[in-house]
Amino acid sequence: MNKRTERKQNLRDIIELLRLYGSVPQSKLKQQCNLQASTVSYLVNDLRQRNLIVEVGKEETQGKVGKPGNRIALNNAEASFLGIYVEDDFLHAYLVGIDGKTLGADRVSYQPQDMARILPETIRRELAGHPNIRGIGVAIKAIVYNDGRIQSGTRESGEAKAERWDLINLPENLRREFPDVPIVVENDANSAAELYRYEEKCDDFVLYMLNDIPFGIGCGLMMDGKLYRGTRGAAGEFFVKNLNTTKVHIRSKEKAVTLENILSAIVPHMLQTAYLLDTSRFVLTGSLFANISQEEMKQAQTYLQGIPVPVVLDYGENQSLNPGKGAAFTAIDRYLGNLLEEVEKR
């Protein structure tokens, strides 16, 4: 590893520790990163020059000898990030600091045909209110390929299907309208997986996103702490050879879908995936789990007993894995990646 690459990795380690602990004295960074004090000071100063470090008080000195050091933290006032989840009739918007803390959240309802207008209006309003936004992440219910193309992002609203809106050209449209702020568009299951990785400090898992409007099952694959997207970007998209998911789709339209219907469609896939990927756990989330009762969850846990790895259920009114917030974390990671590339070039 050359000196530039080593410096880049050390800087990444410091940033991750500050995101993990919130605020720490520099001496703890030295211990955790196994670096010399002078090296830590040099790297912290590099972040301070970009106004990304702020001092937040003195360290506790009870039982310690010597002058207390300053506690430092990442500076949310300098860099915050906007994450938006595009639902079919509303948006979830999250403002997240560079340290990972949620600074604000909003829900914006709209008629489906108005999505193309409401989404940029929401972004403009957030940018006007928070000029320190350094990146925007948008999570959508569609396949997003590695080259940015979007597949199957068209929706039809109403029984007559007279109104149509689509996400196909969303990345290009947003970047054209907001050229001064980096924007990344990502699949909703991948965004939720990024959020779970950060919040649970888990590096290997498979997340299933089950949505009711429109009905769909998506997967986010996290391996060795990195989202696995595959050659084109469609890795994890849910396909089966039989008609189980089609039957569930029909029942969902008839309002007759049950949790057993859903699980019968995905459990065979989970069993195969558990052995193929040797994953540490499965995570089940999405709008189909938003209104599940405690009794239904007990039934689900019984149904899932045959899965050879732990299954985490994110359900009910307190669902935490909103893809909008996950999209903000994707924007943070993109920003930090670009920052570290700049550092390595110096």
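Use the structure listed above.
Residues numbered from 1 in each chain as written. Predicted model: local features only at pLDDT ≥ 70, side-chain atom pairs only at ≥ 80, totals over all residues. Heavy atoms only, no water.

**Some remarks on the nonpolar core**
Among the nonpolar cores identified, the biggest contains 45 residues, and L29, L47, F205 and L207 are the most heavily contacted of them. Mapped by element, the contributors of at least two residues to this core are α1 (3-21), α2 (26-33), α3 (37-49), β3 (70-74), β5 (90-97), α6 (188-200), β13 (205-212) and α10 (323-345). It is α10 that provides the largest number of residues to this core, a total of 8 residues. Aside from chain neighbours lying at most four places away, what touches L29 is I14, L17, V24, N34, V40, V44 and I72. (Core = buried A, V, L, I, M, F, W, Y, C linked by side-chain atoms within 4.5 Å. Buried < 20%, exposed > 50% of the residue type's maximum accessible area, 1.4 Å probe, protein only. Helix = DSSP H or I, 4+ residues; strand = E, 2+ residues; numbered from the N terminus. Contact = heavy atoms within 4.5 Å.)

**Focus: the packing of α1 against α2**
Interaxial distance between α1 and α2 falls to 10 Å at its minimum, and their mutual angle equals 120°. When the axis of α1 is compared with that of α2, the two are oblique. You can see that α1 and α2 cross each other, and the crossing is right-handed. Two secondary-structure elements touch here, α1 through D13, I14, L17 and Y21 and α2 through K28, L29, Q32 and C33. (Axes fitted to C-alpha atoms, helices over the stretch in contact; angles between N-to-C directions. Parallel < 35°, antiparallel > 145°, perpendicular 65-115°, else oblique. Left-handed = near helix turned anticlockwise from the far one by under 90°.)

**Regarding the side chain of S191**
Tracing the chain through its elements places S191 in helix α6. According to the relative accessible area criterion, S191 is buried, its value standing at 0%. In this view, S191 contacts A139, E186, P323, G326 and A327; residues no more than four positions away in its chain are not counted.

**What about α6?**
Side chains that are three or four residues apart share a direction in an α-helix, a result of its 3.6 residues per turn. Over its 13 residues, α6 runs 18 Å from end to end, which matches the ideal 18 Å to within 8%, given 1.5 Å per residue. For α6, the buried fraction is high: 11 of the 13 residues fall into the buried class. Within α6 the residues assigned to the buried category are D188, A189, N190, S191, A192, A193, E194, L195, Y196, R197 and Y198. Two or three places before A189, at the start of α6, stands the capping residue N187, its side-chain oxygen 2.9 Å from that residue's backbone nitrogen. Within two residues after α6, K201 carries a phi angle of roughly 55°, on the positive side. (Expected span 1.5 Å × (residues − 1). Polar contact = N/O pair within 3.5 Å; in protein donor to acceptor, adjacent residues only side chain to side chain.)

**Remarks on the packing of aromatic side chains**
On inspection of all chains with the given rule, the structure shows 4 aromatic pairs. An angle of 70° between the planes, with centres 4.9 Å apart, marks the rings of Y196 and F205 as edge-to-face. Each member of the pair Y196 and F205 is classed as buried. Just above the ring of F90 sits the side chain of R107; from NZ or CZ to the centre is 3.6 Å. For K201, the ring lying beneath its charged end belongs to Y198, and the centroid distance is 4.6 Å. (Phe/Tyr/Trp six-rings, centres within 6.5 Å; stacked < 30°, edge-to-face > 60°. Lys NZ or Arg CZ within 6 Å of the ring centre and 35° of its normal.)

**Looking at the sheet that holds strand β1 (residues 23-25)**
On the basis of which strands lie adjacent, the open sheet formed by 3 strands has the order β1-β3-β2 and antiparallel pairing. Whereas interior strands pair on both sides, the edge strands pair on one side only; in this sheet they are β1 and β2 (53-58). Each strand axis lies, on average, 35° off the axis of its neighbour in the sheet, ignoring direction. Of the pairings in the sheet, the one linking β2 to β3 comprises 4 bridges and is antiparallel in character. Bridge assignment links E55 to a residue of β3, and that residue is I72. α2 rests against β1 and β3 of the sheet, and its axis sits at about 85° to β1. Lying over the sheet, α3 contacts β2 and β3, oriented at roughly 115° with respect to β2. (Pairing = 2+ DSSP bridges.)

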